[in-house]
Number of protein chains: 2
Amino acid sequence: MIANTARLRGRPRSFDETGALEKATQVFWSKGYDGVTIDDLVAGMGVGRPSLYAVFGDKRAIFLRVLRAYAEKKGALAAKALFTPQSLRDSIAGFLKYNVESATEKGSARGCLMICVAPLVNDAEVQRFLQNAASGGAMLLERRFRDGISAGDIPPDFPVAVRAVQVTDLARGLAMRARIGTPRKTLLKDAEEATDLVLLPWRV
Amino acid sequence: MIANTARLRGRPRSFDETGALEKATQVFWSKGYDGVTIDDLVAGMGVGRPSLYAVFGDKRAIFLRVLRAYAEKKGALAAKALFTPQSLRDSIAGFLKYNVESATEKGSARGCLMICVAPLVNDAEVQRFLQNAASGGAMLLERRFRDGISAGDIPPDFPVAVRAVQVTDLARGLAMRARIGTPRKTLLKDAEEATDLVLLPWRV
DNA sequence: GGTATTTGCAATCATTTAGTTCAAAACTCC
DNA sequence: GGAGTTTTGAACTAAATGATTGCAAATACC
């Protein structure tokens, strides 16, 4: 099994577990889930077939680990973009900007793993995970809006829940357009305008 | 070959070409593109393997035909929802409502073929098709906004192009949330609120 | 009724894919 | 250096898949 904590004896691994998962992320990201074969993962992760099965399990298990790691990393960066001390407007703009930038990064596939790729996987566990992640993202935004109320950036009757969901939907739209090849420049401009939209009557 | 136009002699087909394509749509819609096998299509379309190859071609060709037919049908219905004589607000609300309803229809898979499924297909022709469809949809909305200016529903300085793109992004977000299992009721409510958002300072 | 034409079913072939086995290699501890 | 332990690479098995072919059945035109 995975002798990660108490591995002392035996031949050491020639690969880094975290690094291999990141490489697997790129594989799924660019080829979807069904489109990926074990051979793709063997080639992309730089891990031999038997080691891959022993350490990670089958394709589904690998994808779930990839998804969790991706969500954790992405969530942390999104939270950082949102809660860096700055005006509410800059926070929302920064959140959308980060989404666009990570969805159009050079070297990796376009779009977002959780928005574009994972929803196509007809799997109950993946489904639940995505729903939780979605509501988690909306709650993060909602909290930021509430902080904005406390700071006096927006009035107390600002529809925090509604706007939070709308920002996530706009982010989803931007990610999907990134996937089909819309230029980063266009998307960054649209992200700015989306920020203006959700804060329209409140100039902050 | 396809003896559709000048077919007079010979055994008539036991299947309807259009109907078979609609059944194929459901197959791709629910299982993605890479996830479907020829056997899935044979079973789902009710067409024998040899006939399927003779009439439609291989999987890729079938998907492209499905995609075109779907886009045509969906585009026509979206245009109908948008340009039925009514207030601008009701038009936009109707457009979003139609998107949500078709993305949460019972009996078929959730989401939208063009928004959720096709973007995962790494194929140049599909990519181009989706970009054209996307800009076509935005242009449709833009025209409706301009009609709204002519009718006096919104002022002449209304940012038609920007709002048109924002509506498509919101629709994309709604479709993706439909895909991951968000209830129709929630999405319909959010569609209404999205309408209010894009027309916020303009009570029409 | 005869003929040409096309469908539909079954069987078939080659290729790809997932997953396993096994011996050799690499390392630690004694 | 040797015993014990773990990883690795290559070969292997079994199943799934894409695509083709033959042949009988069905039907329109003559």
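Residues numbered from 1 in each chain as written. Chains lettered and ligands numbered in written order. Predicted model: local features only at pLDDT ≥ 70, side-chain atom pairs only at ≥ 80, totals over all residues.

Counting its regular elements, chain A contains nine helices and zero strands. Each principal axis of the C-alpha distribution contributes one length, and for chain A these read about 65 × 40 × 30 Å. Across chain A, contacts joining residues at least 24 apart in sequence account for 65% of those joining residues at least 6 apart. (Helix = DSSP H or I, 4+ residues; strand = E, 2+ residues; numbered from the N terminus. Contact = placed C-beta atoms within 7 Å.)

Let's shift gears to the relation of the copies chain B and chain A. When chain B is fitted to chain A, the residual RMSD is 0.1 Å, and the transformation amounts to a turn of 180° plus an axial shift of 0.0 Å. On the angle and the small slide along the axis, the relation comes out as a two-fold axis. Most of the interface of chain B is mirrored in chain A, where 100% of its interface residues are also at the interface. (Least-squares fit on C-alpha atoms with pLDDT ≥ 70 in both.)

With that settled, the discussion passes to the UniProt feature "DNA-binding region" (unreviewed entry) in chain A. Per the UniProt record, "DNA-binding region" (unreviewed entry) is annotated on residues 37–56 of chain A. End C-alpha atoms of residues 37–56 of chain A are separated by 15 Å, and the span's content is 75% helix alongside 0% strand. (UniProt positions renumbered as here; feature names shortened; annotations may be inferred.)

What surrounds DNA strand D is a group of 25 residues, the closest being A:Gly10, A:Arg11, A:Ser51, B:Arg11 and B:Thr37. Counting only elements with at least two residues in the surface near DNA strand D, the list comes to helix 3 (49–55) of chain A together with helix 2 (38–45) and helix 3 (49–55) of chain B. Counting residues per element, the surface near DNA strand D draws most heavily on helix 3 of chain A, which supplies four residues. In the surface near DNA strand D, the residues fall into nine nonpolar, six polar and ten charged. (Near = placed C-beta within 6 Å. Nonpolar A, V, L, I, M, F, W, Y, C, P; charged D, E, K, R; others polar.)

Residues and elements named next belong to chain A. In the predicted model, chain A carries a mean pLDDT of 92, and 95% of its residues have values of at least 70. No element of chain A has a lower mean pLDDT than helix 3, which averages 92, and none a higher one than helix 8 (residues 160–179), which averages 98. Low confidence marks residues 1–6, where pLDDT is under 50. Its contacts with residues over four positions away, or in another chain, come to two contacts. Overall fold confidence for the complex sits at a pTM of 0.91, while the interface term, ipTM, reaches 0.89. (pLDDT = per-residue confidence, 0-100.)

The UniProt record annotates "domain: HTH tetR-type" (unreviewed entry) at residues 14–74 of chain A. A distance of 27 Å separates the end C-alpha atoms of residues 14–74 of chain A, which is 75% helix and 0% strand.

Residues and elements named next belong to chain A. One can describe the packing of helix 1 (residues 17–31) onto helix 4 (residues 59–83) by two numbers: an axis separation of 9 Å at closest approach and a directional angle of 100°. Compared by their axis directions, helix 1 and helix 4 come out roughly perpendicular. Mapping the contact onto sequence places Leu 21, Ala 24, Thr 25 and Phe 28 in helix 1 and Ile 62, Phe 63, Arg 65, Val 66, Ala 69 and Tyr 70 in helix 4. (Axes fitted to C-alpha atoms, helices over the stretch in contact; angles between N-to-C directions. Parallel < 35°, antiparallel > 145°, perpendicular 65-115°, else oblique.)

The next thing to look at is the interface of chain B and chain A. The interface is formed by 32 residues belonging to chain B together with 32 residues belonging to chain A. The leading source of residues in the side of chain B that touches chain A is helix 8 (residues 160–179) of chain B, at twelve residues. Here the residues of the side of chain B that touches chain A sort into 17 nonpolar, eight polar and seven charged.

A few words now on the environment of B:Ala24. Residue and element names in this part refer to chain B. Topologically, Ala 24 is positioned in helix 1 (residues 17–31). A residue is classified by how many C-beta atoms lie within 10 Å of it, and Ala 24, with 25 of them, is buried. A C-alpha to C-alpha distance of 9.6 Å links Ala 24 and Ala 43, two positions 19 residues apart in sequence. Those residues in contact with Ala 24 that lie beyond four places of it in its chain are Leu 41, Gly 44, Met 45, Ile 62 and Val 66. (Buried ≥ 20, exposed ≤ 12 C-beta atoms within 10 Å, placed from the backbone.)

Residue and element names in this part refer to chain B. Close contact between helix 4 (residues 59–83) and helix 5 (residues 88–103) brings their axes to 7 Å; oriented N to C, the two are set at 150°. Taken together, the axes of helix 4 and helix 5 are roughly antiparallel relative to one another. As for how helix 4 packs across helix 5, the hand of that crossing is right-handed. Each of Leu 77, Ala 78, Ala 81 and Leu 82 in helix 4 lies in contact with helix 5, whose residues at this interface are Ser 91, Gly 94, Phe 95 and Tyr 98. Here the residues of the contact of helix 4 with helix 5 sort into six nonpolar, two polar and no charged. (Left-handed = near helix turned anticlockwise from the far one by under 90°.)

Residue and element names in this part refer to chain B. When you line up the elements, Ala 71 lands in helix 4. Measuring from C-alpha to C-alpha, the distance between Ala 71 and Met 114 comes to 7.6 Å, with 43 residues separating the pair along the chain. Contact partners of Ala 71, with chain neighbours within four places excluded, come to Met 114 and Ala 133.

Moving on to helix 8 of chain B. Residues and elements named next belong to chain B. In a regular helix each residue adds 1.5 Å, so 20 residues correspond to 28 Å; helix 8 covers 29 Å between its end C-alpha atoms and thus fits that length. With respect to burial, helix 8 is a largely interior element, 17 of its 20 residues being buried. One or two steps after helix 8, the chain reaches Gly 181, where phi turns positive at roughly 100°. (Expected span 1.5 Å × (residues − 1).)

Let us now look at helix 1 of chain B. All names here are of chain B. Taking 1.5 Å as the rise per residue, helix 1 with 15 residues should run 21 Å; its terminal C-alpha atoms sit 21 Å apart, in good agreement. Of all the positions in helix 1, only Ala 20, Ala 24, Thr 25, Val 27 and Phe 28 are classed as buried. Relative to the axis of helix 1, the buried residues are bounded by an arc of 165° and lie together on one face. Every exposed residue of helix 1 that faces more than 90 degrees away from the buried side is listed here: Thr 18 and Gly 19. The first or second residue beyond helix 1 is Gly 32, which carries a positive phi of 80°. (Arc of directions from axis to C-beta.)

Before going further, it helps to examine the environment of B:Gly136. In this fold, B:Gly136 is placed in helix 7 (residues 124–150). Taking the C-alpha atoms as reference points, B:Gly136 and B:Thr84, 52 residues apart in sequence, are found 18 Å from one another.

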